[in-house]
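# Descriptive analysis of the structure
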Amino acid sequence: MFSISLLLSLHRPLHSPPPRRLLRLTTSPAALCCLFLGRRNRAFWNQTKYINTTMASTEDKPANKENVSSWKDSFYNPRTGELMGRTASSWALILLFYLVFYCFLAGMFALTMWVMLLTLDDYVPKYRDRVPYPGLVIRPNSLDITFNKSDPLKYADYVQHLESFLQRYNDTEQEKNEECPQGEYFMQDDSEDMTKKACRFKRGVLSLCSGLSDTNFGYSEGKPCVLLKMNRIIGLKPRGDPYINCTVKRDNPIQMQYFPSEGRIDKMYFPYYGKKAHETYVQPLVAVKLLLTKEDYNKELSVECRVEGSDLRNNDERDKFLGRVTFRIKVVE
């Protein structure tokens, strides 16, 4: 009786009412327990089958659709209205913060610059202790002068550079300056407009190297001219009588001519008051004419020029242009 009732319960639908005959056969506790366990077992397997079917249908969907959707949402999410992870109000607040922050930085920078400019003088630099002594430079502006004296095209650039450089020393320009007494500093008191006068230096003082009598500055005859000048330093007043002296680094010396005489630099061109106050000022020049001979042609000669006769330094190993200059010259016949 127990086996028959169990089989009937297993083959009967889950929710159909049991027949009366079966109810009579399953009145024992053991039979009722087996009947209950059978029904629970069938419900479990039906539920498992449903879950497996649902999961299988879900896994069949393309995975790339989910990836594309998540990428688009990271840029703009239509559900929350976020753009790149931030709402419109969040973007507005962060932009406002950076606007105020950078405006504050710009204001601080402008304020510090304004305060610094108040401490500067338009005519005299505030700090002048880094360059106490002048350097020495040459014209033409080259430390390696090589040319063929028989070919004008080879030295045309040097001649043109010298002529262009001496334009400010023309008589028409120097007539605007003052005729100063020689051998004395040209001291000027401070005036309201701060404009200073300058002493005359006419290019005619350079004689054979002025470019007036010889427009080729001696390059066509193999006896070139080189112009030397000191850099401008505000307030410089060299002690003694400064002059330029040049030597050739070899055993046999070379004859040279200096213009002005003995290569002297007069004190009347000192002190210098600055570019803005001393607008018409020009540095005094010293011209050196190298009297080369045929024995000196086709050879590279090293020439060193120094400022002598004063307290200006010319032997600083850390700065080879402080009070001196070295250049090479080669004349091809």
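Here we summarise the structure given alongside this text. (Residues numbered from 1 in each chain as written. Predicted model: local features only at pLDDT ≥ 70, side-chain atom pairs only at ≥ 80, totals over all residues. Heavy atoms only, no water.)

## Describing the packing of aromatic side chains
Any aromatic ring pair is given by two values, namely how distant the centres are and how the planes are angled relative to each other. Our working rule: Any two of the Phe, Tyr and Trp rings considered here, Trp counted by its six-membered ring, make a pair once their centres fall within 6.5 Å; the pair's planes then place it as stacked at under 30 degrees, edge-to-face at over 60, or tilted in between. Helical segments are the DSSP runs of H or I of at least four residues, strand segments are the runs of E of at least two, and each set is numbered from the N terminus. Exposure categories follow from relative accessible area, calculated using a 1.4 Å probe and restricted to protein chains: below 20% of the type maximum is buried, above 50% is exposed, and the middle band is partly exposed. Placement of a charge over a ring requires the Lys NZ or Arg CZ to be within 6 Å of the ring centre, with the centre-to-atom vector within 35 degrees of the ring normal.
Applying the stated criterion across every chain, the model contains 13 aromatic pairs. Taking the centre distance of 5.7 Å and the plane angle of 80° together, the rings of Tyr169 and Phe201 count as edge-to-face. Taken together, the residues Tyr169 in the loop between helix H6 (152-165) and helix H7 (171-174) and Phe201 in the loop between H7 and strand S5 (225-230) connect sequence positions 32 residues apart. What makes Tyr169 buried here is its relative accessible area of 3%. By the ring-pair criterion, three or more aromatic residues cluster together here, those being Phe97, Tyr98, Phe101 and Tyr102. Note that Lys196 overlies the ring of Tyr273, its terminal NZ or CZ placed 5.0 Å from the centroid. Here the guanidinium or amino end of Lys276 rests over the ring plane of Tyr123, the centre of that ring lying 5.3 Å away.

## Things to note about the layout of surface pockets
Put simply, the test is: Points on a 1 Å grid, built from protein atoms alone, make a cavity when a 1.4 Å probe fits but cannot get out and make a pocket when they are open with protein on both sides within 12 Å along at least 5 of 7 lines; residues with an atom within 4 Å of a point are the lining residues. Grid points are joined across faces, edges and corners, and a volume is the space filled by probe spheres set on the points. The nonpolar class holds Ala, Val, Leu, Ile, Met, Phe, Trp, Tyr, Cys and Pro. Asp, Glu, Lys and Arg form the charged class, and all remaining residues, Gly among them, are polar.
Space inside the largest pocket adds up to approximately 290 Å³. Contributing to the lining of the largest pocket are 16 residues, with Gln182, Arg200, Val205, Met268 and Tyr269 lying nearest its centre. Of the residues in the lining of the largest pocket, the class split is 9 nonpolar, 1 polar and 6 charged. For the second largest pocket, the lining is made up of 14 residues, of which Arg128, Val131, Pro132, Ile233 and Ile234 are closest to its centre. Grouping the amino acids of the lining of the second largest pocket by side-chain chemistry returns 9 nonpolar, no polar and 5 charged.

## Quick look at the pattern of salt bridges
This is how it is decided: Should a side-chain nitrogen of Lys or Arg be within 4 Å of a carboxyl oxygen of Asp or Glu, the pair is scored as a salt bridge.
On inspection of all chains with the given rule, the structure shows 12 salt bridges. A salt bridge links Asp316 to Arg313, with the nearest nitrogen and oxygen atoms 3.7 Å apart. Here Asp316 falls in the buried class, since its relative accessible area comes to 9%. Take Arg313: its relative accessible area is 34%, and that puts it in the partly exposed class. Counted as one network, the salt bridges with shared partners bring together Glu175, Glu179, Arg200 and Lys202.

## Notes on the environment of Arg86
Rules: Here a residue-residue contact requires only that any non-hydrogen atoms of the pair lie within 4.5 Å.
Along the chain, Arg86 turns up in the loop between strand S2 (82-83) and helix H5 (88-118). Arg86 gets classed as partly exposed once you look at its relative accessible area, which sits at 34%. If sequence neighbours within four positions are ignored, Arg86 has contacts with Trp91 and Ile94.

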